[in-house]
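Summary of structural features
In case you want the letters, here they are:
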Amino acid sequence: MTPMVERVSNYQAESVRDPISVLMEEHRQAFEHLMKLEQAVSSMDEQGFNRAAFENLAEAIRFFDSDFRLHDRKEEQILFPFLERYKPGITGEYRNEHRELWSAFNTLLSCVHDVEDGRLRGTSRHELTETAKKIIRLLRGHMMNENTYLFVQTKNMLSDAEYTDLSEKIAAAAK
Ligand SMILES: [Fe+2]
Ligand SMILES: [Fe+2]
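Notes on the structure follow. (Residues numbered from 1 in each chain as written. Chains lettered and ligands numbered in written order. Predicted model: local features only at pLDDT ≥ 70, side-chain atom pairs only at ≥ 80, totals over all residues.)

1. Describing the packing of helix α3 (residues 51–86) against helix α4 (residues 92–116)
Spelled out, the test is: Axes here refer to lines fitted to C-alpha atoms; in helices the fit is confined to the stretch in contact. Angles between the N-to-C directions go from 0 to 180 degrees. A run of H or I in DSSP counts as a helix once it spans at least four residues, and a run of E counts as a strand once it spans at least two, with each numbered from the N terminus. When describing relative orientation, an angle under 35 degrees is termed roughly parallel and one over 145 degrees roughly antiparallel, while 65 to 115 degrees is termed roughly perpendicular and anything else oblique. Two helices cross in a left-handed way if the nearer one is turned anticlockwise from the farther one by less than a right angle. They cross in a right-handed way if the turn is clockwise. It is the C-beta atoms, placed from the backbone, that decide contacts: two residues are in contact if theirs lie within 7 Å. Residues are grouped as follows: nonpolar covers Ala, Val, Leu, Ile, Met, Phe, Trp, Tyr, Cys and Pro; charged covers Asp, Glu, Lys and Arg; every other residue, Gly included, is treated as polar.
Direction vectors running N to C along α3 and α4 enclose 150 degrees, while the axes themselves pass 11 Å from each other. Considering their axes alone, α3 and α4 lie roughly antiparallel with respect to each other. Considering only the axes of α3 and α4, their crossing is left-handed. Counting all contacts with α3, which are made through Phe54, Ala58, Ile61, Phe64, Asp72 and Glu76, the residues of α4 involved are Arg95, His98, Phe105, Leu108, Leu109, Val112 and Val115. Tallied by class, residues from the contact of α3 with α4 come to nine nonpolar, one polar and three charged.

2. Digging into the environment of leucine 166
Heads up, the rule is: Exposure classes come from backbone-placed C-beta atoms, where a residue is buried if 20 or more other C-beta atoms lie within 10 Å of its own, exposed if 12 or fewer do, and partly exposed in between.
Looking at the secondary structure, you find leucine 166 in helix α6 (residues 160–173). Given 21 C-beta atoms within a 10 Å radius, leucine 166 is considered buried. Once the C-alpha coordinates of leucine 166 and phenylalanine 82 are considered, the two residues, 84 residues apart in sequence, prove to be 7.9 Å apart. In contact with leucine 166, other than residues within four places in its own chain, are Pro19, Ile78, Leu79, Phe82 and Leu158.

3. Notes on the packing of helix α2 (residues 19–47) against α3
Contact geometry of α2 with α3 gives a least axis separation of 9 Å together with a crossing angle of 155 degrees. It follows that α2 is roughly antiparallel to α3 by the angle criterion. As for the relative orientation of α2 and α3, their crossing is left-handed in sense. Counted together, Glu26, Ala30, His33, Lys36, Leu37, Gln39, Ala40, Ser43 and Met44 of α2 and Ala53, Asn56, Leu57, Glu59, Ala60, Phe63, Phe64, Phe68 and His71 of α3 form the full contact between these two elements. Tallied by class, residues from the contact of α2 with α3 come to 10 nonpolar, five polar and three charged.

4. Thoughts on α4
Just so we agree on the cut-off: What a helix should span is 1.5 Å times the count of its residues minus one.
Between its first and last C-alpha atoms α4 spans 36 Å; for 25 residues at 1.5 Å apiece the expected length is 36 Å, and the two agree. Inspection of α4 places Ala104, Phe105, Leu108 and Cys111 among the buried residues, and these make up the whole buried set. Just downstream of α4, glycine 118 is the residue with a positive phi angle, here 70 degrees.

In C-alpha cells:
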C-alpha cells in the first residue's frame with residue numbers, strides 16, 4: 001500500500017496547475033533575466049565591453065531563446081485562440097509585439113555570434129547594447145500589459161469548461 005505522504009506528493013506532481021499562474025511564473029523568471037541583461041548592458045556602457053558582462057548577457061539570451069520561446073508559443077497557439085473566440089482581434093497587438101521582440105532578438109543573437117567569432121567592431125558593439133535595451137523596454141511593457149489586462153480578461157471571459165481545457169493544454173505544452 002502506498003504511504004500517505006507519497007500519495008499526496010504524487011497527486012501534487014500530477015495535478016494540473018492554474019494556467020495563468022504558470023504563465024505569470026514564466027513572466028517572473030523573464031523579469032529576472034531582463035534584470036541580468038540590463039546589468040550586463042549598463043556594465044558595458046560604463047566599463048566598455050568586458051567578458052563578465054558578456055557572459056551574463058549570453059546567459060540571459062539562452063533563457064529567452066529556449067524557455068521563453070516556448071512561453072510565447074503557449075500564448076499564441078493555446079491562450080490567444082481561446083480569447084479570440086470572444087473578441088476577434090483582441091490579441092493582435094500582443095502578437096505584433098511578439099514579432100517585434102523576436103526580430104530584435106534575432107539581431108541581438110547575430111551580434112552575439114559576431115562577438116563569439118571575434119568579429120565585433122565598434123558599431124556592432126553599439127548595436128548590441130542598443131538592441132538589448134530595446135528588448136528590455138519592449139518585453140517589460142509587454143509582460144506588464146499581459147499581467148494587468150490579458151490574463152485578467154482570460155479569467156473573466158472563459159467558461160469553466162474552457163478554463164479547464166486551457167489548463168490541460170498549457171500543462172501538456174510544458175512537457
Ligand atoms: Fe506575450
Ligand atoms: Fe507572456
